[in-house]
Amino acid sequence: MGGQDDQVFDGGSFVLNPGGELVLQLPQFEESIATCVFRKSAEGWLANTGKKSRILDSMESDYFAMVIGLRDYCRKAGFEQVVLGLSGGVDSALVATIAADALGPEAVRAVMLPSEYTSENSLEDALELAKNLKCRYDYLSIEESRLAISNTLSDLFEGTQPDLTEENIQSRLRALLLMAVSNKFGNMLISTSNKSESAVGYSTLYGDMSGGFAPLKDVWKTDVVGLCIWRNKNKPQSSKYPTVSYT
């Protein structure tokens, strides 16, 4: 049981008797030891019935896998803390919560990197989430830096219209600043991109895809929403988040 790079082993070992009868089921995503006693019968060797732990549903299983995967990756790579960009959106909210469950809120550093285009709702949502998680929250505006880059490129871009290029500059500038925080303080940068974005190219190379680990790398956007709904109502048994579940 545990995470090894991009793989997560869920444990959940079990014993079946002939005919497929389940007689022993260990818990998933939890280290456990059980003794299995076999007896000789006229039909051959049979296992005695033991404890049967509950099998997690797909939503629970996915969330546990992301928490264990991030926790073990950080532990084996030698990182005690992580940093991420908090946008006020659902993806970064879920990643921040996974990190708080995996490592504890004191090990999570969330950085809001707004530009002049960032809505007030995004600012409010990001701050509220950080307060709920009780993790560190930093506010770092990219407006001045973005203007400096635009001025640097103004002669080269003269006669062209603003397009995806300018949008990607914002994402890559955020990644540059997050990596600076990571390098300076030793926090591993974690990405907030999901599988749907990667599949259709709706993410920025060297921008929001940057990071040492991406908890949502194998999670579709539709599942992101479902996981948020599940986590708002439940608290994983392995969570290092110290307070009661959300209501």
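Higher on the page you've got the structure.
Residues numbered from 1 in each chain as written. Predicted model: local features only at pLDDT ≥ 70, side-chain atom pairs only at ≥ 80, totals over all residues. Heavy atoms only, no water.

Describe the environment of G85, naming the residues involved and giving the relevant values.
Note on placement: G85 falls in strand 7 (residues 82–85). Under the relative-accessibility criterion, G85 is labelled buried at 18%. Along the primary structure G85 and A47 are separated by 38 residues, whereas in three dimensions their C-alpha atoms are 51 Å apart. (Helix = DSSP H or I, 4+ residues; strand = E, 2+ residues; numbered from the N terminus. Buried < 20%, exposed > 50% of the residue type's maximum accessible area, 1.4 Å probe, protein only.)

Any chance you could break down the side chain of S203 for me, citing the residues and the numbers?
You can see S203 is positioned in the loop between helix 6 (195–200) and helix 7 (221–233). Residue classification places S203 among the buried residues on the basis of a relative accessible area of 18%. Apart from the residues lying within four places of it in its own chain, the contact partners of S203 are S193, E197, S198, D208 and M209. (Contact = heavy atoms within 4.5 Å.)

Describe the pattern of salt bridges, listing the residues and the values that go with them.
On inspection of all chains with the given rule, the structure shows nine salt bridges. Between E60 and R54 there is a salt bridge whose closest N-O contact spans 2.9 Å. Looking at E60, the relative accessible area reads 10%, which means it is buried. Linking D218 and K195 is a salt bridge whose minimum nitrogen-to-oxygen distance equals 2.8 Å. With D218 in the loop between helix 6 and helix 7 and K195 in helix 6, this residue pair connects regions lying 23 residues apart in the sequence. Residue K195 is classed as partly exposed on the basis of its relative accessible area of 26%. Via salt bridges that share partners, R109, R136 and D138 belong to a single interconnected network. (Salt bridge = Lys/Arg side-chain N within 4 Å of Asp/Glu carboxyl O.)

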